[in-house]
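Listed below are the residues making up each chain.
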Amino acid sequence: MKKTILFTAATIAILVFSGCTKNFEELDRPKTTSETIDPNALFTRSIVTGSGISVGVWQWMHQISGSVYAQHFSNIQVGANFTSDNYEPKAWNLVWDWYYARSNFAPMHYNYHVIKLSKEIENPVKEAVARIWNVFLVQQVTDMYGDMPYFNAFKEIKPAFDSQKDIYLHLLEELEVNVATLKQFKDFGYPSYGQADVLYSGNLNNWIRFANSLYLRLALRASNTPEFSASIQPRMQSIDFSETINAQSSNAQIIPDPTGPTFHVKNPLSFVSGWHEVRISKTMFDILQNLNDPRLQIYAAPNVNGEYAGLENGLPQSQISEQRDSHLKPNYCNIGTYFVQDNTPHVLLSYAETCFMKAEAAHRGFISGNAESFYNEGVTASFNQFGLADAAAINDYLNGNAKFNPSKALEQIYTQRWLALYPNGHEAWSLVRRTGYPQMNAPVYTFPGNESMPRRKPFPDAERQSNAENYNAAVSRMGGDNQYTRLWWDGGN
Amino acid sequence: MKRIHFTNVFLTTFLLILGLSAFAQRPLNGVVKDAEGLTLPGANVVVTGTLTGVTSDLDGKFFIELPAGSNEIEVSFVGYVTKKLNVEGKNFIEVVLLPEALQLQEMVVTALGIKRESKALGYSVQQVDGEALSNTSRISPISGLMGQVAGLQIGESGSGAGGSQKILIRGANSLTGSNDPLFVVDGVPIDNSGGSSGGLFGGFDYGNAANNINADDIESVTVLKGGAASALYGARGQNGVIMITTKSGSRKEGIGITYQTMFSFQDPLIKPDFQTNFSQGSGGKFGKLNPRSWGEKMQGQSVVNFLGQEQILNTVTENPYDAFFRTAISQDHSVTLDKKGETNGILFSASWNQNDGIIRTNEFDKKSFNIRYDSKLAKFLTLDARVNYINQKAENRPNLAGSPDNSIYLLTLMPPSVSLNQLENYRTVSGLPVVWNSEYVVNADGTISLNQPSPSFASSPLLQNPYWATNLNTNSDIRNRMMGFTSLSLDLKELFKLGFDLRLTTKAGLDYYNDERNRITAQKTYYKAEGLATGSFSRFQVMEGNYDFLLSGNKQWSKFFLSVSAGGNIMQRQYRGLSSSSESGLINEFGPYVIQNYLNPIVTTGLTNIEIQSLYSMVSMDYRRMVYLDLTFRNDWTSVLSPESWSYQYPSISASWLLDETFELPEYFNLFKVRASYAGVGSGGSIAGQRYFQYGTNANQFHGLPYGFFNSDRPEPNLRSEYTISKEAGIQLVMFGSRLNLDFAIYQTGTKNQIFSNPLTPSSGFNSGFINSGFVNNSGVEIAASYILVQKPDLKWSVGGNFTRQWSEVKELSEDIDQIVQGGVAGMRIVARFGQPAGIILGTAFARDEQGRILLDSESLPRLKTAETGAILDDNIIGNATPDFLWGFNSQVNYKQFFMSFNIDSKLGHDIFSVTNMVGAEYGTFAFTEEGREDWYRAVKLAQDANDPNIRPQDFNLGFMVKGVKDGVEGEYAVDPQKYWDRASRIHEAFIYDASYIRFRQFSFGYNINSKLLKKTPLREASLSLFANNLFYIMLNTKNISPESSFGTSNNLGFEMYAYPELRTIGVNLKLSL
């Protein structure tokens, strides 16, 4: 009896239970998300987050690193995050994390999926555009840190670091290949990203221009390496540099969304200026004043007395703590009002910068053309970009202290590019690192043993801790992981 | 009770002969009483070693003739401990029999609700009487278990009315996941999620769901510690099980009516010691806009403050905690009615609990209604059912951790020269916040206007007016919860007239709750970007159903008992949520904070399902009630794993051996048990949908365009089930007429293949991902002892203690990961590293030479430990968050109508990192930052007066004296204390404190009104008691914070960040029964 009952019960139970697991997979499958998606909405996110417009990354990439290293700004805020103006060394966690992994930001990871999905839907146009965008993103990161996981990033839990040299050479190839693809398929009727492409609204010709300007940026940055003359310079000859960014309308830029749902899509400079964390650097002020440059009134807001004054870089924290409200805030210049408007474009790569790159390339004989006319075109483009359209005034300027002087051509071209880049501190810092121009002033106070301008950002703790083997390989290849370890294009390995 | 008396027959025969040979007899009179002094009729009195025996009469009296040479009698009575007495030279004797100790006969509720004799169990179980909880911790019954159970560790989060606790049984098995034990109420597992979400950017503590239970409904709480105890609950029992048995109708005559009420008051037990002498400012100078408190000494001078008013600076006399917080008051009322009839019993209870927190706007209100009904429907069929409805409402739970609305943060930063009454008017005429580092003017009518161009919202540091924070940035939550079960028990033996016990029990249990949570930051809140209002309005419901059957049969042969059970369970859990939120501000600034008045509302829905199916069986047997053996086996199928791994099995075995029943042990052994158990518990984890890579969408993210997104955790489709192994061996002794109770256990537990979300290297594209890894070995020794010091009719005094020594070591980590980050804040982390104890604290440290001396830089400030590259090392081991020892001591005294008890608890051998102290140091608000200030400012003055550029302040050797090695020379160097603490505040090691403590945890004193007095009233029972919780620390090594502060209730022990103060409770309890 007992056996019968137990047996029956067990049989029923087993039947009931084994039958029930059939719906387990369906039960567990997420109901509010999907297994695939059109890449457009991912691409929008990748562009916006990758543009670095969010003040969340803008501060780390520009305000408290590039912008004070390159002396666009001087710091007047106290706190452990605000000591880069004194060259205090630190691991740069946030920027790396932002580009690779930060949940809901990670532009490189998002773009990786955009490329993957556009391949799946066999749309060569979308794929090529995303791959060009990828070049922009990767260069931003490698120019800060040097070696980085590139070829296997997002594919493995612990991807190997690739050398900056290999990355650069591959990025240049990517630009060549994808410009060719765009040219081949742009009129085949493949749907572009359309409005989801918040850089160029689906205009593929502009993407070609952007790619070619980007090519110049990469090539020139690599121009002091042995690989440049060996392989890059010859390849440059096949690039059509007439198809570069050639007007304000083809600037690579996005317009902030002042009514957007989060602060990540609003103009970061309006926050920074409201917080009074920076003042115009004395270095920037002096250069503008010496050139009698009308951009001073655009770049800087007058102080409480209606005057312009630049602040020395690297004030010690104790001095800032004491003088911030009483002296530094009122007597020095905040960021100019042009930059803090709701709709001020956030520029990634401009017509003006393209002209100065061409001027340098022409002067150094990498491309054909006249350096002076590129220089003059660049100054004009920069003035126009900031709303200075008076041709006579530009003409005066180009015949004043800023007049092109072939004997000082490179210094002038670099200085003008550095001016035109404002407030893109990160690119300005890269320029200063490569060229040494304009000359930086020594900060008032620097951390002991850190007297000169940093040459890179040390790797984030997370890679050192969770990807130790690959991290160590990269560090030994680069010859260290501190802020004075040289990048490949800066004379390093 | 059958014993093997090997020599009994022989001995008896021998004594019989001896007895017969002695004819001389003498009479003995006596009386048998119990401990209460009541006489015991019908007790057996036997002359030891003879057949001579009598029974006591109706008055408990007896008369017996003692054979010559016999001087010993044995007195026994059912339910009492048999006593042997030497009666040599006595004519009269009063025999007091003590009831067999609870532990001997105690029935404990074990897994699956099966009642077992405690002594039969091969694993450690501890039961706590519900009364003990309802007397002292009626608001959060769980916290009442603190210090009562060996191996049970409860951490209070100190997070306002209705907050939660962190509960650990025998240490943390899981490195990053939940270590919460499973809560089972009347055999039905309930959802205990919800606790704290005290993240880095704030959060609230919504309370453990288990605290929703009305303390007065609890009959008893059983803590099942070992794996064998919980193996039958499967996955969710892998961290132990806390079983709550609720009361059922038991009153046989009339209706039982009990009314209980409690009033209590709560105050912060530990308040920071603020500095009172130096004003807002920097470098010894007053600065009305400066966020720090390094200004000049306040000695009657006059300044213009941030309100534009003249203010005389004077030493502060009041601690801002006293001014800002109020005394919390709570009251609790409950009524219970119960009735037991011939075939059925019913119990009804209703309770209302109201609690005003120490923050003036924090209120909590809970109502609970409960009906329990049991009925014998037929001879073979029993019904048991319970429904419990809970309605709970909270207003303005405290903002925790790094929230800029956290009052503790705001008070920690507030300079002594600013007083709270300057901030009480927290809004300007135009609705802007009044904060003490902006400039204002006070208008003639007392209103305040801004006196600067515009406030800079979200400026660093994120200062905030504490009154704005608590009055305008509000939160509220409402919970409606239904819990219940119905159970039918079919007696198949009765039904089919079987020759053995066979019973089928089916049970359906449901736990459903519906939560509404709203949170608002007001328009123009100082720390919000552009001052835009934000709002989050969410609704979610959780439903968990448990459906089980259990077929159990048992049969007793003459010496052998066998019980076999087989059962199954289906657990279905569903979460559904809908939330709308916005960070874009109000449409109508003067309108209400409702979602339709927000710009850019974002709506999200959530829907997850988890199902676990289980089959299990258990075999229990014993031989002559001397040796017991339990075997269990369970198979689970879980929906959250892939088909290859969703089925997993695990066994358990436990045995116990009663030596006292086996051997002839000395009389003073009442119980001598040795036991051992081994158990495995599998688990599939509890994260639904984690194995799929998925894309989702968010509308309107950039110029109206949508964004796509994907998983923020890296999915891992091939996870395997976790496996927890626990081993235990122990000895239980009951001795000296059951006065001494001693339990000794050694245990070892650990979970292999732990499923958790581990930090990944960012270049993988994810910050975290689920993996199988990690094995923490927790081992320990537990001793629980109690002793009845005095047992007299009028006086009973007992003491008890428990002691746990625990060791915890990370034994395994997968090759993919080097360490597991369990938590952290401000750069400091709690991690698990291979070969290290779990919960080591990593952070920045002082640079030291080989002799351990602190190295100073050229400014005489301590250097941070760096790598050779110059990079600051932030992964130095600077402490350990896991306590080595836990112990508790308690004592109860009953004297006549009075009763008194107290309880001491202690944790020893662990550390805590304090952000509060770190920030108090940096900002110069804590008293310890006063050291050296006056001296330094004098040195600065002397240096100025010297008027010589070569003379610097540090040359006078006045100031904060830093001990260390500078340029190879050891010495004490004078520095500016502001600079010192500025530097030190970047060294985590400087803010590690020994968290060891001994605390006078609980005290109660009461009076049971004499039953004689009550005879004239309808009352049957009445008692009045006074109780106090967290009275004081006997030993305390932390500064300004409680050693029990925590960051949240998940795996976040070992550090605190602006933790709310631990509260001292004093209250009164009244109980009336009809």
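So, a few notes on the structure that sits alongside this text. Since the structure is predicted, the reported quantities are computational estimates derived from the model, not experimental observations.

Quick look at helix α10 (residues 915-923) of chain B now. All names here are of chain B. Most of α10 sits inside the fold, with nine of its nine residues counted as buried. Packing partners of the buried residues in α10 comprise α6 (407-413), β45 (819-825), β52 (911-914), α12 (977-984), β55 (992-994) and β58 (1055-1056). Where α10 ends, the next residue or the one after it, Gly924, has phi of about 70 degrees, a positive value.

Right, let's talk about the nonpolar core for a bit. Formed by 160 residues in total, the largest nonpolar core has its most connected members in Trp133, Trp207, Phe210 and Met236 of chain A. Per-element accounting of this core gives the leading share, 13 residues, to helix α7 (residues 124-145) of chain A. When residues no more than four places from it in sequence are discounted, the contact partners of Met236 of chain A are Tyr215, Leu216, Ala219, Phe228, Phe241, Phe366 and Ile367 of chain A. Ranked by size, the runner-up nonpolar core spans 77 residues in total, among them Tyr409, Phe926, Val975 and Trp981 of chain B.

Residues and elements named next belong to chain B. Ordered by their spatial adjacency, three strands build an open sheet running β48-β53-β54, and the pairing between neighbours is mixed. A strand with exactly one partner marks an edge of an open sheet, and here the two such strands are β48 (855-856) and β54 (969-975). Alignment of strand β53 (residues 960-966) against β54, held across seven bridges, turns out to be antiparallel. The residue of β54 that forms the bridge with Gly964 is Gly971. Its contacts with the sheet put α12 on β53 and β54, and the angle it makes with β53 is roughly 60 degrees.

This part takes up the pattern of salt bridges. In the structure shown here, the tally under the stated rule is 72 salt bridges over all chains. Glu530 of chain B is paired through a salt bridge with Lys266 of chain A; the nearest N and O atoms lie 3.0 Å apart. Taken together, the positions of Glu530 of chain B in the loop between β29 (501-521) and β30 (534-556) and Lys266 of chain A in the loop between β2 (252-254) and α11 (268-275) put the pair across two chains. The class of Glu530 of chain B is partly exposed, set by a relative accessible area of 36%. Classification of Lys266 of chain A by relative accessible area gives buried; the value is 6%. Here Arg434 of chain A ties to Glu360 of chain A by a salt bridge, and the two come within 2.7 Å at their closest N and O atoms. Of the two residues, Arg434 of chain A is situated in helix α19 (residues 425-435) and Glu360 of chain A in helix α15 (residues 351-363); the sequence distance between them amounts to 74 residues.

What counts and what doesn't
- Residues numbered from 1 in each chain as written.
- Chains lettered and ligands numbered in written order.
- Predicted model: local features only at pLDDT ≥ 70, side-chain atom pairs only at ≥ 80, totals over all residues.
- Heavy atoms only, no water.
- Buried < 20%, exposed > 50% of the residue type's maximum accessible area, 1.4 Å probe, protein only.
- Helix = DSSP H or I, 4+ residues; strand = E, 2+ residues; numbered from the N terminus.
- Contact = heavy atoms within 4.5 Å.
- Core = buried A, V, L, I, M, F, W, Y, C linked by side-chain atoms within 4.5 Å.
- Pairing = 2+ DSSP bridges.
- Axes fitted to C-alpha atoms, helices over the stretch in contact; angles between N-to-C directions.
- Salt bridge = Lys/Arg side-chain N within 4 Å of Asp/Glu carboxyl O.

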